[in-house]
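Structural overview for review
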Amino acid sequence: MSLQPLQDRILAEVVSADKKVGSIILPETARQNPVTGKVISVGPGKISESGSRLPMDVTAGDTIIFENNVGTEVKEDDHTYVIMKQSDILAKINN
Amino acid sequence: MSLQPLQDRILAEVVSADKKVGSIILPETARQNPVTGKVISVGPGKISESGSRLPMDVTAGDTIIFENNVGTEVKEDDHTYVIMKQSDILAKINN
Amino acid sequence: MSLQPLQDRILAEVVSADKKVGSIILPETARQNPVTGKVISVGPGKISESGSRLPMDVTAGDTIIFENNVGTEVKEDDHTYVIMKQSDILAKINN
Amino acid sequence: MSLQPLQDRILAEVVSADKKVGSIILPETARQNPVTGKVISVGPGKISESGSRLPMDVTAGDTIIFENNVGTEVKEDDHTYVIMKQSDILAKINN
Amino acid sequence: MSLQPLQDRILAEVVSADKKVGSIILPETARQNPVTGKVISVGPGKISESGSRLPMDVTAGDTIIFENNVGTEVKEDDHTYVIMKQSDILAKINN
Amino acid sequence: MSLQPLQDRILAEVVSADKKVGSIILPETARQNPVTGKVISVGPGKISESGSRLPMDVTAGDTIIFENNVGTEVKEDDHTYVIMKQSDILAKINN
Amino acid sequence: MSLQPLQDRILAEVVSADKKVGSIILPETARQNPVTGKVISVGPGKISESGSRLPMDVTAGDTIIFENNVGTEVKEDDHTYVIMKQSDILAKINN
């Protein structure tokens with residue numbers, strides 16, 4: 001995938017259609033619908049008011065949890081990707 | 001639980017289904033519904049505009065009170081967890 | 001009461017069900033309903049963008065006035081407490 | 001009156017029920033209803049993000065104009081007082 | 001007029017009921033209704049987060065244009081005045 | 001035109017009633033209606049929280065594009081002018 | 001195209017009416033409709049509160065993805081352009 005996110009955005013591949021990561025279950029409720037993804041590429045970081053880059057907390061390869069309704073979807077070769085802001089990521093899953 | 005919260009988020013296990021912690025009662029009203037939980041893991045802290053991490057005020061093991069409708073629920077082995085922002089925590093319960 | 005508020009929150013016991021403190025009357029109107037309370041414990045202060053704690057203006061033992069609809073109620077031994085932000089406090093009552 | 005406002009709040013006694021201060025008339029319209037008051041006590045000032053107090057622009061004894069719907073009313077000995085933020089004050093009246 | 005505006009507010013006398021200043025016409029439309037006024041007195045300036053006063057851009061005697069629906073009206077001796085924030089002023093009219 | 005905009009406002013004469021600037025066409029759609037104008041005068045710049053003026057990016061004589069619904073209209077000698085914030089300007093047209 | 005965007009705005013030519021860039025597909029859904037474009041010109045950057053320019057992350061010639069409903073459209077010689085804020089760009093496409 002040749003997309004490069006800008007600022008504090010990241011690109012993730014949606015990997016969990018079955019709402020499970022190992023023993024972790026991501027229940028869909030009226031209020032929320034978390035899904036998992038794999039980070040493909042990471043923006044350079046937001047530029048602060050002082051002109052410096054703010055560091056990013058995820059790197060390519062991380063498995064992450066995010067709400068299903070965030071960001072913008074793109075597709076390539078039957079894979080689905082989401083471009084989202086890093087602040088939309090709820091948590092990383094440690095291997 | 002292998003989830004690692006990002007930024008100023010924390011992961012808590014919901015431990016009080018009966019709305020009581022010792023002698024403290026957490027009444028549900030039309031406007032509010034506090035519950036208790038145990039902090040499982042803590043994010044590294046939000047990055048300020050100057051690029052430094054802001055310290056977190058809770059640590060793993062703390063018992064906390066939070067509103068029932070905050071954050072995102074995940075489940076594992078019949079336990080329920082919530083990923084929330086630290087600012088959603090109302091108070092710690094001292095042992 | 002073993003609750004420890006976080007950041008710039010405080011814990012107060014609701015002490016005035018009769019809407020009077022000495023000669024001061026706290027009228028309930030369509031728009032407002034002030035009540036009085038006694039500060040039980042005080043958070044360590046909010047962390048500013050520069051990473052320092054902002055000092056708190058009340059201490060345990062202060063009698064305060066606040067709007068009845070702020071914060072979250074908890075109960076213990078027939079006493080009612082409210083966890084609120086310091087900015088929800090309208091005034092202190094000098095003895 | 002023994003109330004001590006916090007932060008950038010002030011306590012004022014409502015003194016003008018007749019909507020006049022000397023030759024100045026405060027008309028009530030569909031959109032606005034200014035009234036006058038006398039400053040009784042003044043908070044210590046808001047704490048800025050850098051941790052310092054921001055100075056207050058009124059002192060006890062000042063006659064002020066403010067919109068009728070701001071703040072919270074309290075009463076004592078047939079006098080009516082309002083606790084409001086300094087930013088709710090429209091102007092001072094010079095003697 | 002003895003009113004002294006606070007912070008970044010100014011007091012202006014409404015001088016143009018006929019919607020003209022020299023050859024300039026101020027048309028009333030569905031969306032806007034500019035009027036002219038003369039600055040009578042000027043607040044000391046807003047206090048910034050660093051505790052310093054921000055300078056004001058108008059002085060007593062300036063002729064200004066502002067939207068008819070801003071601020072709060074007061075009257076004295078058949079003159080109408082408006083207390084408004086400096087940011088409500090659209091432009092000065094050079095003599 | 002004797003109007004002097006304040007802060008980060010500018011005064012522009014509306015010059016393009018026919019929605020064309022050279023070969024550039026400004027289409028009106030349900031969501032947008034860009035028009036062109038000529039900058040007549042420029043405010044001194046907004047004052048930042050640190051008390052310094054922020055520089056302006058346009059100068060008198062620039063041809064600019066802006067949305068038709070921004071700012072406040074004034075008229076003089078059959079010309080129409082708009083007082084707007086610099087941030088309402090979409091682009092300059094290079095000659 | 002002779003338009004020069006101001007501040008942190010950019011001018012892009014809309015190049016993908018068929019919703020495909022190489023093997024990447026940009027699906028239209030109820031919630032989103034990403035399209036691609038080519039950056040034509042780039043503003044000088046937003047001025048921060050400290051008065052310095054914040055650097056831009058795209059340059060003329062970059063292929064970008066953005067939501068179809070952002071910014072303002074202009075046309076020239078059968079080409080369609082959009083003036084948008086840099087923050088409206090979702091990602092760059094690497095060649």
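Above: the structure in question.
Right, let's walk through the structure included here.

Reading the values: the criteria
- Residues numbered from 1 in each chain as written.
- Chains lettered and ligands numbered in written order.
- Predicted model: local features only at pLDDT ≥ 70, side-chain atom pairs only at ≥ 80, totals over all residues.
- Heavy atoms only, no water.
- Pairing = 2+ DSSP bridges.
- Helix = DSSP H or I, 4+ residues; strand = E, 2+ residues; numbered from the N terminus.
- Buried < 20%, exposed > 50% of the residue type's maximum accessible area, 1.4 Å probe, protein only.
- Contact = heavy atoms within 4.5 Å.
- Buried area = accessible area lost by both parts, 1.4 Å probe.
- Salt bridge = Lys/Arg side-chain N within 4 Å of Asp/Glu carboxyl O.
- Polar contact = N/O pair within 3.5 Å; in protein donor to acceptor, adjacent residues only side chain to side chain.
- Nonpolar A, V, L, I, M, F, W, Y, C, P; charged D, E, K, R; others polar.
- Least-squares fit on C-alpha atoms with pLDDT ≥ 70 in both.

The subject of this paragraph is the sheet that holds strand E1 (residues 3-5) of chain D. Taken in spatial order, the 9 strands of this open sheet run E3(B)-E4(B)-E7(C)-E8(C)-E2(C)-E5(C)-E6(C)-E9(C)-E1(D), and their pairing is antiparallel. Edge positions in the open sheet fall to strand E3 (20-21) of chain B together with E1 of chain D, since each of these has one partner strand only.

Our focus in this paragraph is the pairing of strand E5 (residues 34-42) of chain D. Consecutive side chains of a regular strand alternate in pointing toward one face of the sheet and then the other. Residue and element names in this part refer to chain D. Burial of E5 is extensive: 7 of the 9 residues sit out of reach of the surface. Two strands pair when backbone bridges link them, and E5 and strand E6 (residues 63-67) are joined in this way by 5 bridges, in the antiparallel orientation. Paired with Lys 38 across the bridge in E6 is Thr 63.

Counting residues at the interface gives 26 residues for chain G, matched by 25 residues for chain A. Carbon and sulfur atoms make up 52% of the area that chain G and chain A hide from each other, which totals about 2100 Å². The largest share of the area that chain G buries against chain A comes from Ile 24, Asp 57 and Leu 90 of chain G, three residues that together contribute 25% of it. The tally of links between chain G and chain A comes to 2 salt bridges. A salt bridge links Glu 49 of chain A to Lys 46 of chain G; the nearest nitrogen and oxygen atoms lie 4.0 Å apart. On inspection of chain G and its partner chain A, the count reaches 13 residue pairs in polar contact (both at pLDDT 80 or more). Of all the secondary structure elements, the ones that give two or more residues to the side of chain G that touches chain A are strand E4 (24-25), strand E6 (63-67) and strand E9 (89-93) of chain G. For the side of chain G that touches chain A, the leading source of residues is E9 of chain G, giving 5 residues. Looking at side-chain class alone, the side of chain G that touches chain A contains 13 nonpolar, 7 polar and 6 charged residues. Both strand E1 (residues 3-5) of chain A and E9 of chain G contribute to a ladder of 3 bridges, which runs antiparallel. Directly across from Pro 5 of chain A, in E9 of chain G, lies its bridge partner Ala 91 of chain G.

The two copies are related by a screw motion: chain G maps onto chain F through a turn of 52° and a shift of 0.0 Å along the axis, at an RMSD of 0.0 Å. Different-surface contact between copies: only 8% of interface residues of chain G are shared with the interface of chain F.

So, about the arrangement of the chains. In this structure chain A stays clear of chain C, and the shortest span between their C-alpha atoms is 12 Å. At their nearest point, the C-alpha atoms of chain C and chain G are still 15 Å apart, with no contact between the two.

Interfaces are frequently sized by the accessible area removed from exposure as the parts join. Contact residues are listed per partner, giving 25 residues for chain G and 26 residues for chain F. In total, about 2100 Å² of surface goes out of reach between chain G and chain F, with carbon and sulfur atoms giving 52% of it. By the criterion of area lost to chain F, the three top residues of chain G are Leu 6, Glu 49 and Thr 72 of chain G, representing 27% of everything that side buries. Applying the counting rule to chain G against chain F returns 13 residue pairs in polar contact (both at pLDDT 80 or more). Broken down by secondary-structure element, the contributors of at least two residues to the side of chain G that touches chain F are strand E1 (3-5) and strand E7 (72-76) of chain G. Along the lines of polarity and charge, the residues of the side of chain G that touches chain F split into 9 nonpolar, 9 polar and 7 charged.

Moving on to the pattern of salt bridges. A complete count under the given rule lists 12 salt bridges over all chains for this structure. A salt bridge links Asp 57 of chain D to Arg 53 of chain E, with the nearest nitrogen and oxygen atoms 2.5 Å apart. Placement of the pair is Asp 57 of chain D in the loop between E5 and E6 and Arg 53 of chain E in the loop between strand E5 (34-42) and strand E6 (63-67), with the two residues belonging to separate chains. Exposure remark for Asp 57 of chain D: the relative accessible area of 11% places this residue in the buried category.

Bringing the side chain of Gln 32 of chain C into the picture now. Here Gln 32 of chain C lies in the loop between strand E4 (24-25) and strand E5 (34-42). Given a relative accessible area of 5%, Gln 32 of chain C falls into the buried group. Here the side chain of Gln 32 of chain C touches Gly 71 of chain D through a polar contact of 3.0 Å, landing on its backbone oxygen. Here Glu 73 of chain D takes part through its backbone nitrogen, which lies 2.7 Å from a polar atom of the side chain of Gln 32 of chain C. Excluding its chain neighbours within four sequence positions, the residues that come into contact with Gln 32 of chain C are Pro 27 and Glu 67 of chain C together with Gly 71, Thr 72 and Glu 73 of chain D.

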